[in-house]
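Coordinate inspection notes
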Amino acid sequence: MLDDLIFALRNFRRNKIRSFLSLLGIIIGVASVIVITSLSESATKTVEDSFSSAGLDLVHITGGFMQRRNNASVTFNETFRENLFDAVENIKSIHYTNTLSMTLSRGETTVTASATAVEPGYLAVNGLTLDKGSDFSISDNVTGQQRLLIGTEIAEGLFEDEDPIGQAVTVVAGNATFNFRVAGVLSSGNSMNSTDSTVLIPRGFYSKKIVPSAQAASVLVQCTHQDKAPLVSQHIKEYITFISGSQYAASVSSMQAMLEEYQQLTGNISLILSGIAAISLLVGGIGIMNIMIVTVTERRREIGIRKALGAGPNVIRLQFLIESALITVLGGTVGIVVGIAISAVAAKVMGNSFAVQWGACILAFVFSAGIGIFFGLSPASRAAKLDPVAALSSE
């Protein structure tokens, strides 16, 4: 077999152009599969990195869109929080939030923003950090202190190059005017979790000065582990349906479940596109079959000499099978390298994290080798069946 392999390599060198054209179809097919699967994997990894672990363990609850029609509703108060803790397992913490529109002014500069009233621990749960200043304390929330956490864009708009920490800001919410002080500036988030225009206030202030004893508009549930988020989300849906009598009383969603759906969607799309790209492998295999038929015709005298010296049909068949398989193995190897290189460049240009589906690489390589054997079998069998006398008498 080693002699057949060496002989096949020598034959490739004698017919460089023919060998290159045979390789090209396999290279393009394998590279296409690798590029498609790698870009899909890179996009998924980029989404995962954007969500980060501080978002995948969260479940979001908001009021249902049909609660007015059927009078089924759920109130996000302290009783609901306590009962939810008792009813659903794998819950680490529950945070209430409210939103309001407000106008922030300093001197002649005015900024309109949507503010979120949050409870202590909100930053840590959402994976947010402060560029400067300090977070709200439990005391700030209990006493309803008039303190602000603002994004970098808000800070630059109001204070330009000045240090905003401790500075006074006039806030208009509804018909009321309040004097706030900046407690901290949030670090810039990623593209999927930008905090540049964020404004946070203590929820204690909201429930005391804006809407007394207000129920929460939304609930943020932190799970004990991100893998538990889809299960916790399902159990919360069942619990709310049970206490309200309607599955529409609240909307429950989790980033982990959304990410899994995204992975399934991109996986299906990648599979379909890979199947289309794999057609080029079949086309390349047909080309190899054609080339091998021509090769057998050209080497009839060689085949006749080998048979006259005692080579059996199996030896001749193996020789040509090795040649056709070697073409696709080499083409598959080069295709994987080219595909990974193109994927790395494309991921960098698009700003995505680079990732490779090694399973797809192995599958493409095995499939390309199988293509060589399958399409080389007919020419190899044809060579093995040649009559040595007729082969030697051919020109």
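A few points on the structure.

Rules and cut-offs
Residues numbered from 1 in each chain as written. Predicted model: local features only at pLDDT ≥ 70, side-chain atom pairs only at ≥ 80, totals over all residues. Heavy atoms only, no water. Helix = DSSP H or I, 4+ residues; strand = E, 2+ residues; numbered from the N terminus. Rg over C-alpha atoms; globule rule 2.2 N^0.38 Å. Buried < 20%, exposed > 50% of the residue type's maximum accessible area, 1.4 Å probe, protein only. Contact = heavy atoms within 4.5 Å. Areas by Shrake-Rupley, 256 points an atom, 1.4 Å probe, with all protein chains shown as cover. Axes fitted to C-alpha atoms, helices over the stretch in contact; angles between N-to-C directions. Parallel < 35°, antiparallel > 145°, perpendicular 65-115°, else oblique. Left-handed = near helix turned anticlockwise from the far one by under 90°. Nonpolar A, V, L, I, M, F, W, Y, C, P; charged D, E, K, R; others polar. Polar contact = N/O pair within 3.5 Å; in protein donor to acceptor, adjacent residues only side chain to side chain. Patch = residues over 30% accessible without salt bridge, like charges linked within 9 Å, V, L, I, M, F, W, Y side chains within 5 Å. Salt bridge = Lys/Arg side-chain N within 4 Å of Asp/Glu carboxyl O. Lys, Arg positive; Asp, Glu negative; His and termini not counted. Charge placed at Lys NZ, Arg CZ, Asp CG, Glu CD. Pairing = 2+ DSSP bridges. Core = buried A, V, L, I, M, F, W, Y, C linked by side-chain atoms within 4.5 Å. 1 Å grid on protein atoms, 1.4 Å probe; cavity = no way out; pocket = protein on both sides within 12 Å on 5 of 7 lines; lining within 4 Å. Points joined across faces, edges and corners; volume = space filled by probe spheres on them. Phe/Tyr/Trp six-rings, centres within 6.5 Å; stacked < 30°, edge-to-face > 60°.

When helices and strands are tallied, the protein chain shows 15 helices and ten strands. Against the globule reference of 21 Å for 395 residues, the protein chain gives a C-alpha radius of gyration of 34 Å, more extended than a compact globule. If you line up the protein chain on its principal axes, its C-alpha atoms span 105 × 55 × 35 Å. Burial statistics for the protein chain: of 395 residues in total, 44% are counted as buried. Expressed as a percentage of contacts within the protein chain between residues at least 6 apart in sequence, the contacts between residues at least 24 apart total 77%. Split by element, the accessible area of the protein chain, about 20200 Å² in all, is 58% carbon and sulfur.

To continue, consider the packing of helix 5 (residues 78-87) against helix 10 (residues 229-244). Here helix 5 crosses helix 10 at 125°, and the two axes come no closer than 11 Å. Looking at the two axes, helix 5 sits oblique to helix 10. As helix 5 runs across helix 10, the sense of the crossing is right-handed. Between helix 5 and helix 10, the residues in contact are Phe 80, Asn 83, Leu 84 and Ala 87 and Ile 236, Tyr 239, Ile 240 and Ile 243, respectively. Looking at the contact of helix 5 with helix 10 residue by residue, the classes come out as seven nonpolar, one polar and no charged.

Attention now goes to the side chain of Thr 152. Summarising the element assignment, Thr 152 is placed in helix 8 (residues 152-159). Of note is the side chain of Thr 152, whose polar atom sits 3.4 Å from the side chain of Ser 188. Side chain to side chain, Thr 152 and Asp 196 meet in a polar contact 3.1 Å long.

On the surface, Glu 153, Glu 156, Glu 160 and Asp 161 cluster together into a negatively charged patch. Within the secondary structure, Glu 156 is located in helix 8.

Alternating residues of strand 6 (residues 168-173) divide into Val 169, Val 171 and Ala 173, all buried, and Ala 168, Thr 170 and Val 172, none buried. Of the strand pairs in this sheet, strand 2 (residues 91-106) and strand 6 are connected by three bridges, and their pairing is antiparallel. Each bridged residue has a counterpart across the sheet, and for Thr 103 the counterpart in strand 6 is Val 172. When strand 6 meets strand 7 (residues 176-186), the two strands line up antiparallel, connected through six bridges. Along strand 7, the bridge assignment pairs Ala 173 with Ala 176. The turn linking strand 6 back onto strand 7 is made up of two residues, and Gly 174 within it adopts a positive phi angle of 70°.

Summed over all chains, the structure comprises five salt bridges. Here Arg 81 makes a salt bridge to Glu 119, at a shortest N to O gap of 2.9 Å. Of this pair, Arg 81 sits in helix 5 while Glu 119 sits in the loop between strand 3 (109-118) and helix 6 (122-125), placing them 38 residues apart in sequence. Accessibility assignment for this pair places Arg 81 and Glu 119 in one class, buried. Of the charged contacts in the structure, one is a salt bridge between Glu 162 and Arg 106, with a shortest N-O distance of 3.1 Å. Residue Glu 162 is found in the loop between helix 8 and strand 6, and its partner Arg 106 is found in strand 2; the two are separated by 56 residues along the sequence. Through salt bridges with shared partners, a single ionic network connects Glu 78, Arg 81, Glu 119 and Arg 203.

Let us now look at the nonpolar core. With 26 residues, the main nonpolar core has Val 30, Ile 34, Ile 303, Ile 316 and Phe 320 as its most contacted residues. Listing elements by their share of this core, those giving two or more residues are helix 2 (16-51), helix 11 (255-298), helix 13 (313-350) and helix 14 (358-384). By residue number, the principal contributor to this core is helix 14, which donates seven residues. In contact with Ile 34, not counting residues within four places along its chain, are Ile 336, Gly 339, Ile 340, Ser 343, Ala 360, Cys 361 and Ala 364. Counting 25 residues, the second-largest nonpolar core is a separate cluster that includes Ala 117, Leu 148, Ile 150 and Ala 214.

With that out of the way, let us pick up empty space enclosed by the protein. In the structure shown here, the tally under the stated rule is two cavities of 30 Å³ or more. Taken as a whole, the second largest cavity spans an internal volume of roughly 30 Å³. Val 118, Glu 119, Pro 120, Gly 121, Tyr 122, Leu 123, Asp 135 and Phe 136 together form the lining of the second largest cavity. Its residues assigned to classes, the lining of the second largest cavity shows five nonpolar, one polar and two charged.

Let us look at the packing of aromatic side chains. Tallied over the entire structure, the rule returns five aromatic pairs. Geometrically, the ring pair formed by Phe 178 and Phe 205 is edge-to-face, given 5.0 Å between the ring centres and 85° between the ring planes. Taken together, the positions of Phe 178 in strand 7 and Phe 205 in helix 9 (residues 203-210) put the pair 27 residues apart, joining distant regions of the chain. Since its relative accessible area comes to 11%, Phe 178 is described here as buried.

Before going further, it helps to spend a moment on the packing of helix 11 against helix 14. One can describe the packing of helix 11 onto helix 14 by two numbers: an axis separation of 9 Å at closest approach and a directional angle of 25°. Taken together, helix 11 and helix 14 sit at an angle that is classed as roughly parallel. Where helix 11 crosses over helix 14, the two elements pack in a sense that is right-handed. Along its contact with helix 11, which presents Ala 278, Leu 281, Leu 282, Gly 285, Ile 286, Met 289, Met 292, Ile 293 and Val 296, the element helix 14 presents Phe 367, Ile 371, Phe 375, Ser 378, Pro 379, Arg 382 and Ala 383. Looking at the contact of helix 11 with helix 14 residue by residue, the class counts come to 13 nonpolar, two polar and one charged.

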